[in-house]
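Below are the chains, spelled out letter by letter.
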Amino acid sequence: EQETITTIEVHVKGGNFDKKFYWRDKDGDGGANPVIDTIELPANTLSLLCDVHVYDESKIPTGDITEEIRAEAEDHLLVYRVSGVNLSVAYNDRDTQGKNLGISTIWTTSNPSRGTLNILLYHEPADKANVTDPGGDVDFDVVLPVKIL
């Protein structure tokens, strides 16, 4: 069953930094454009923990799809594509077979810059080691602007 994904929450924390950023499209595909936060991160920071949460806010109560992704970890992979910004992303969680999952990642920033972060959720990827093109179906594909200050 294909869930409706309306909201991606990107929760970044480390040291005295703790912020949540959102990509929201409450009416789903078509209709109004999504509301997208700009991720603003401190420069030259190691080991920021990032947890992604996936929701269906079209339901009452809101459906938390994150736990289903975690429960079916072997069938899912979150991929992070960084463009134009001094940000690196490293996987911090694995499925039961020891392969990347991507709900939890570690972020490192360097010099101030601006760019984008593309987050994709693959369902039934053919090759979880290939984060460039793992194959499978894409459950969501969102782009958030990023500023390193």
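Residue indices follow the written sequence of each chain, beginning from 1 at its first position. Whole-chain, interface and lining totals are the exception, using all residues; otherwise, since this is a predicted model, local features are given only for residues with pLDDT of at least 70 and side-chain atom pairs are given and counted only at 80 or more. In computing side-chain values, all of the structure's heavy atoms are included and hydrogens and water are not.

Asks: Before we move on, could you go through the pattern of salt bridges and cite the residues and values that matter?
Replies: Any carboxyl oxygen of Asp or Glu that lies within 4 Å of a side-chain nitrogen of Lys or Arg is treated as forming a salt bridge with it. Tallied over the full model, the rule gives five salt bridges. Glu 57 is paired through a salt bridge with Arg 24; the nearest N and O atoms lie 3.2 Å apart. A residue pair is termed long-range when its members are at least 10 positions apart, and Glu 57 in the loop between strand E5 (48-56) and strand E6 (63-64) and Arg 24 in strand E2 (residues 17-24) qualify at 33 residues. Note that Glu 67 and Arg 70 form a salt bridge whose closest N and O atoms lie 3.6 Å from each other. A residue pair is termed a helical-turn pair when its members lie 3 or 4 positions apart in one helix, as Glu 67 and Arg 70 do in helix H1 (residues 66-71) at three residues. Think of it in three bands: residues with accessible area under 20% of the maximum for their type are buried, residues over 50% are exposed, and the middle band is partly exposed, with areas taken using a 1.4 Å probe on protein chains only. Glu 67 gets classed as partly exposed once you look at its relative accessible area, which sits at 45%. Judged by relative accessible area, Arg 70 falls into the partly exposed class, the value being 38%. Residues participating in the shared-partner salt-bridge network are Arg 24, Lys 26 and Glu 57. Each helix corresponds to a stretch of at least 4 residues labelled H or I by DSSP, and each strand to a stretch of at least 2 residues labelled E; elements are numbered beginning at the N terminus.

Asks: Tell me about the packing of aromatic side chains, residues and numbers included.
Replies: In summary, the pairing rule links any two rings of Phe, Tyr or Trp, Trp by its six-membered ring, whose centres are within 6.5 Å, and it sorts them by plane angle into stacked for under 30 degrees, edge-to-face for over 60 and tilted for everything else. Tallying each qualifying case throughout the model produces one aromatic pair. Ring geometry for Tyr 80 versus Tyr 91: centroids 6.5 Å apart, planes at 70°, classification edge-to-face. Within this pair, whereas Tyr 80 is found in strand E7 (residues 76-83), its partner Tyr 91 is found in strand E8 (residues 87-91), the two being separated by 11 residues in sequence. Only when the NZ of Lys or the CZ of Arg is both within 6 Å of the ring centre and within 35 degrees of the ring normal is a charge said to sit over the ring. The aromatic ring of Tyr 22 is capped on one face by Arg 24, whose charged end is 4.2 Å from the ring centroid.

Asks: How would you summarise unusual backbone geometry if you had to cite specific residues and measurements?
Replies: A cis amide bond links Ile 60 with the next residue in sequence, Pro 61, at an omega value of -5°. Looking at the element boundaries, Pro 61 is found in the loop between E5 and E6.

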